[in-house]
Amino acid sequence: AALRDCCHLMGVGIGDKDKADELYGGSSEGSKDLGDVKRFLNRILGLQVERQNALFSYFEAVLEAEVRVAKSEGKYSEGVSDLPATSITMQSTPTVLYVNPWTNRPTTINFLAMDRGMSFQ
């Protein structure tokens, strides 16, 4: 409870929207900062170092738990990955999976062949 009170005083939400609406009187305006990590991290800089460490440790634990849940539900993306190989070749032309109707930008899939073996030369 003390952590949530501290975050509330800093004007940064760190919980679910229902709890934020309860804290801010049901106003979507008050809960607009919910999940604003950049603002949260900037505001903890104004605290004493010991409190910064405690809040950041809590933030890190919550983030790790959220990532673990997202991975178990298949909702987590690692983002861009490096493909370590001695050679990489395209197997076919890219296939368009989807075209965004607003930007007209395509999402494509590429099939690659990768040689990850070791050279005997």
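As a reminder, the structure under discussion sits directly above these lines.
## So, the overall build of the protein
- In terms of regular secondary structure, the protein is built from four helices and four strands.
- Reading the helices (α) and strands (β) of the protein from amino to carboxyl end gives α-α-α-α-β-β-β-β.
- By the burial criterion, 12% of the 121 residues in the protein qualify as buried.
- Taking the intrachain contacts of the protein between residues at least 6 apart in sequence as the baseline, contacts between residues at least 24 apart amount to 34%.
- Accessible surface computed for the protein: about 9800 Å², of which carbon and sulfur atoms make up 54%.

## Digging into the pattern of salt bridges
- Following the criterion strictly, the structure yields one salt bridge and no others.
- A salt bridge links K75 to E73; the nearest nitrogen and oxygen atoms lie 3.5 Å apart.
- Judged by its relative accessible area of 65%, K75 falls in the exposed class.

## Here we look at the pairing of strand β3 (residues 106-109)
- One ladder, built from four bridges, connects strand β2 (residues 95-99) with β3; its direction is antiparallel. Note on β3: the bridge partner recorded for Y98 is T107.
- As consecutive antiparallel partners, β2 and β3 are separated by six residues, and within that stretch N104 has a phi angle of approximately 60 degrees, a positive value.

## What about the packing of aromatic side chains?
- Enumeration according to the criterion identifies one aromatic pair in this entry.
- Seen from their ring centres, F56 and F59 are 5.8 Å apart, and the 40 degrees between their planes marks the pair as tilted. Of the two residues, F56 and F59 are both situated in helix α4 (residues 49-72); the distance of three residues between them amounts to about one turn of the helix.

## A word on the nonpolar core
- Counting residues in each nonpolar core, the largest one holds five residues, listed as F40, I44, L47, L55 and F59.
- The set of elements that each furnish at least two residues to this core consists of α3 (37-44) and α4.

## A look at the environment of T95
- Structurally, T95 can be placed in strand β2.
- T95 sits 15 residues away from N110 along the chain, and the two C-alpha atoms are 6.7 Å apart.
- Not counting residues up to four positions away in its chain, the partners in contact with T95 are T107, T108 and I109.

## So, the side chain of Q52
- The topology assignment puts Q52 in helix α4.
- For Q52, a relative accessible area of 19% gives the class buried.
- Of the polar contacts made by the side chain of Q52, one reaches the backbone oxygen of L45; its length is 3.1 Å.
- With sequence-adjacent residues up to four places away left out, Q52 is seen in contact with I44, L45 and L47.

Conventions and cut-offs
Residues numbered from 1 in each chain as written. Predicted model: local features only at pLDDT ≥ 70, side-chain atom pairs only at ≥ 80, totals over all residues. Heavy atoms only, no water. Helix = DSSP H or I, 4+ residues; strand = E, 2+ residues; numbered from the N terminus. Buried < 20%, exposed > 50% of the residue type's maximum accessible area, 1.4 Å probe, protein only. Contact = heavy atoms within 4.5 Å. Areas by Shrake-Rupley, 256 points an atom, 1.4 Å probe, with all protein chains shown as cover. Salt bridge = Lys/Arg side-chain N within 4 Å of Asp/Glu carboxyl O. Pairing = 2+ DSSP bridges. Phe/Tyr/Trp six-rings, centres within 6.5 Å; stacked < 30°, edge-to-face > 60°. Core = buried A, V, L, I, M, F, W, Y, C linked by side-chain atoms within 4.5 Å. Polar contact = N/O pair within 3.5 Å; in protein donor to acceptor, adjacent residues only side chain to side chain.

Purely geometric stuff here, so don't read any function into it on its own.
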